[in-house]
Amino acid sequence: DNDVSRHVGGPLSCRHEHAQKCARFLLEDLNRDEINESELCFSYGPLDNEHVINANLNVATFLSRLSRYIDDDDMLHLARKARKFSVSLQNGDGSWFYWAPPDLKVWSVDNYHTGIKLEWLWMVRQYDPEPEDEENLKKGLRYYITNLFDSDGSPKFTPFDPYPYDVHSASQAI
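Residues numbered from 1 in each chain as written. Predicted model: local features only at pLDDT ≥ 70, side-chain atom pairs only at ≥ 80, totals over all residues. Heavy atoms only, no water.

### Things to note about the environment of S64
Then comes step 1: With respect to the helices and strands, S64 occurs in helix α3 (residues 53-70).
Then comes step 2: S64 sits 12 residues away from L76 along the chain, and the two C-alpha atoms are 5.4 Å apart.
Then comes step 3: Filtering out sequence-adjacent residues up to four positions away, S64 remains in contact with L76, A79, V124, Y127 and D128. (Helix = DSSP H or I, 4+ residues; strand = E, 2+ residues; numbered from the N terminus. Contact = heavy atoms within 4.5 Å.)

### Describing the pattern of salt bridges
Then comes step 1: All chains considered together, the criterion is met by 10 salt bridges.
Then comes step 2: Each of R68, R80, R83, D128, E130 and D133 takes part in salt bridges that share partners, so that together they form one network. (Salt bridge = Lys/Arg side-chain N within 4 Å of Asp/Glu carboxyl O.)

### Quick notes on the packing of α3 against helix α5 (residues 111-127)
Then comes step 1: For the pair α3 and α5, the least separation of the axes is 9 Å and the interaxial angle reads 20°. When the axes of α3 and α5 are compared, the pair comes out roughly parallel. As for how α3 packs across α5, the hand of that crossing is left-handed. Residue-level inspection shows I53, N54, L57, N58, A60, T61, S64, R65, R68 and Y69 of α3 in contact with α5, the latter providing H113, I116, K117, W120, L121, M123, V124 and Y127.
Then comes step 2: In the contact of α3 with α5, the residues fall into 10 nonpolar, 5 polar and 3 charged. (Axes fitted to C-alpha atoms, helices over the stretch in contact; angles between N-to-C directions. Parallel < 35°, antiparallel > 145°, perpendicular 65-115°, else oblique. Left-handed = near helix turned anticlockwise from the far one by under 90°. Nonpolar A, V, L, I, M, F, W, Y, C, P; charged D, E, K, R; others polar.)

### A closer look at the packing of aromatic side chains
Then comes step 1: Applying the stated criterion to the full structure yields 4 aromatic pairs.
Then comes step 2: Aromatic pair Y69 and Y127: ring centres 6.0 Å apart, planes at 70°, arrangement edge-to-face. Here the residue Y69 occupies a position in helix α3, and Y127 occupies one in helix α5, the gap between them amounting to 58 residues.
Then comes step 3: Taking the relative accessible area as the measure of exposure, Y69 reaches 8% and is therefore buried.
Then comes step 4: Judged by centre distance (5.1 Å) and plane angle (85°), the ring pair of Y98 and W99 falls under edge-to-face. (Phe/Tyr/Trp six-rings, centres within 6.5 Å; stacked < 30°, edge-to-face > 60°. Buried < 20%, exposed > 50% of the residue type's maximum accessible area, 1.4 Å probe, protein only.)

### Considerations on the nonpolar core
Then comes step 1: Of all hydrophobic cores here, the largest spans 34 residues; its most connected members are F42, V59, L63, L89, W96 and L121.
Then comes step 2: Mapped onto this core, the elements with two or more residues apiece are α2 (12-29), β2 (39-42), α3, α4 (73-88), α5 and α6 (131-147).
Then comes step 3: In this structure W96 touches I53, S86, V87, L89, Q90, N91, S108, V109, K117, L118 and L121, once residues within four positions along its chain are discounted. (Core = buried A, V, L, I, M, F, W, Y, C linked by side-chain atoms within 4.5 Å.)

### Re the packing of α3 against α4
Then comes step 1: The geometry of α3 relative to α4 is characterised by a closest axis approach of 8 Å and an angle of 150° between their N-to-C directions. Judged by the inter-axis angle, α3 sits roughly antiparallel to α4. Taken as a pair, α3 and α4 cross one another with a handedness that is left-handed. Across the interface between the two elements, I53, N56, L57, A60, L63, S64, L66, S67, R68 and I70 from α3 touch M75, L76, A79, R80, A82, R83, F85 and S86 from α4.
Then comes step 2: Classifying every residue of the contact of α3 with α4 by side-chain character gives 11 nonpolar, 4 polar and 3 charged.

### A few points about the pairing of β2
Then comes step 1: Here β2 shows two buried faces, one formed by E39 and C41 and the other by L40 and F42.
Then comes step 2: Summarising the sheet, strand β1 (residues 32-36) and β2 pair through 4 bridges and their orientation is antiparallel. Among the inter-strand pairings, R32 is bridged to a residue of β2, identified as F42.
Then comes step 3: Linking β1 back to β2 in an antiparallel pair, the connection comprises 2 residues. (Pairing = 2+ DSSP bridges.)

### Here's the deal with the environment of P46
Then comes step 1: Along the chain, the position of P46 falls in the loop between β2 and α3.
Then comes step 2: The exposure class of P46 is partly exposed, given its relative accessible area of 39%.
Then comes step 3: In this structure the C-alpha to C-alpha distance between P46 and F25, which are 21 residues apart in sequence, comes to 8.8 Å.
Then comes step 4: In contact with P46, other than residues within four places in its own chain, are F25, D29, L30 and N31.

What follows is the structure in structure tokens.
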């Protein structure tokens, strides 16, 4: 159903207008790198060309959701390409680095960004389910739970170090 107000609260016209403005910013102001025919990466911000996996997956999630409400196949196509790029960069163990090629500035995996990628992957599946994403989500959750939390359940900053304790990691885990 296309009743946006039921899903995001508030009057339909107000929410729809704000969502459209956000989409225009994402589609017109962010830079895009067409990786290949089936993948693209939205930049982190309008002034850079950086490939940040979680930022790209965030854009894909928003566009997937909005495209369903406004019935925009072109928007959905772009969202799928961005999602495919982010998902394709999942490591064999289920983790993701923060940066994506060609910007692999730091080969780091951390709790907060892993959690947010998993949340957005779960969310995008609510609006545009892809069967292969189920396994990516399961693999990512296994990695997240096994490697990014101590035995007492407290979040570790990285797989190798609990410090610094980070409020973002703790709140993301909730």
